[in-house]
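Spelled out, the chains give:
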Amino acid sequence: MKKIFSLILLVLFVGIGSLFAQPTQQYTLQKYYLDINPIDIPRFLELHKEMTDASMKSDLRTLSGHYVKRHMYAGKASIIAYDMYDSMEDLNADDLWGSMAEYTAEMSDADREAFEAKAAEWFSMFLEGHTDEIRVIQVSGFGTFNWQEPGVIINSYYTPQWSDGATFREAYEALDKATEMCGNASGSRISSHYSGSGTTFEGYIFYNSWDDFVADEKAIQDCRQQYVEDLPAVIESYWSTAGDHWDEIYIPVGSYVDGEFKLSKHFTE
């Protein structure tokens, strides 16, 4: 019986390894789903920029990137924020509040109290109704995402069975190649679930504009016919293993670049 149990574990771990076989470069994502009232979003973003800029002055922050997007269509979260880390160790070492304490250490009592009041306001908006999870993002797909441009981000969620993970991912990447060759999307990435409450698999596609997104929707079937070998079999494999699936549309709010959180043109023009 012990040998049979060991064999079952071996098969399970091989299956999981196939689903999440990692490229050389990968990052750990702390993903936050925020439930901020739309009328409060301008104030939240004002405070979020100030708090991010202040905290990132400290060596106690271990992020390698920070990105924020805003809900447009489908889905429930009004804001999604990502903290990116080079490793799980960096995520565990990150110290937001310690960095805030360093930032205010040399302030007068009045300035510190004013800053702490804004920090409390920001965190209460951030915390109320939020959920979070940890994901692993692989540097695969194609292209780049420019979070300062007035772009469009498509999130696609999938829940394949563990045993179908490798088959689904192979089909997904074959279709993603057609998206790249179509030439309307500027970049794509994929991520897998690590811990918390989240879907098994997420795909992200970035377009530089709504016009590019619409052009891709019009052209994608022709692109798949042209660039995906044995398309009917790939489509069959894709949908037969995808599990529950849905899509959401977001716009980039901004990201941390060169020492400050910079808003996208959606929020500056």
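Peer 1: How should the overall build of the protein chain be read in this particular structure?
Peer 2: Check the secondary structure of the protein chain and you find 8 helices and 9 strands. Principal axes of the C-alpha set define a box for the protein chain whose edges measure 65 × 55 × 30 Å. Counting over 269 residues, the protein chain shows a buried share of 45%. When the accessible surface of the protein chain is totalled, it reaches about 13900 Å², and 53% of it is carbon and sulfur.

Peer 1: Help me understand the environment of Gly-196, please; the structure alone is not making it clear to me.
Peer 2: With respect to the helices and strands, the residue Gly-196 is situated in strand S6 (residues 185-196). Remark: the alpha-carbon pair of Gly-196 and Thr-131, spanning 65 residues in sequence, is separated by 8.9 Å. Look past the residues within four positions of Gly-196 in its chain and what remains in contact with it is Asp-132 and Glu-133.

Peer 1: Looking at this structure, how should I read helix H7 (residues 210-227)?
Peer 2: For an α-helix, 3.6 residues make a turn, and residues three or four places apart therefore share a direction. For H7, built from 18 residues, the straight-helix expectation of 26 Å at 1.5 Å per residue is met to within 8% by its first-to-last C-alpha distance of 24 Å. Of all the bends in H7, the largest measures some 50° and sits at Ala-219. Buried within H7 we find Phe-213, Asp-216, Ile-220, Cys-223 and Arg-224. In this structure, the buried residues of H7 make contact with strand S5 (152-158), helix H6 (165-182), strand S7 (201-207), helix H8 (231-241) and strand S8 (245-257).

Quick notes on the rules
Residues numbered from 1 in each chain as written. Predicted model: local features only at pLDDT ≥ 70, side-chain atom pairs only at ≥ 80, totals over all residues. Heavy atoms only, no water. Helix = DSSP H or I, 4+ residues; strand = E, 2+ residues; numbered from the N terminus. Buried < 20%, exposed > 50% of the residue type's maximum accessible area, 1.4 Å probe, protein only. Areas by Shrake-Rupley, 256 points an atom, 1.4 Å probe, with all protein chains shown as cover. Contact = heavy atoms within 4.5 Å. Expected span 1.5 Å × (residues − 1). Bend = angle between axes of the 7 residues up to and from the residue.

The analysis is restricted to geometry; functional conclusions fall outside its scope.
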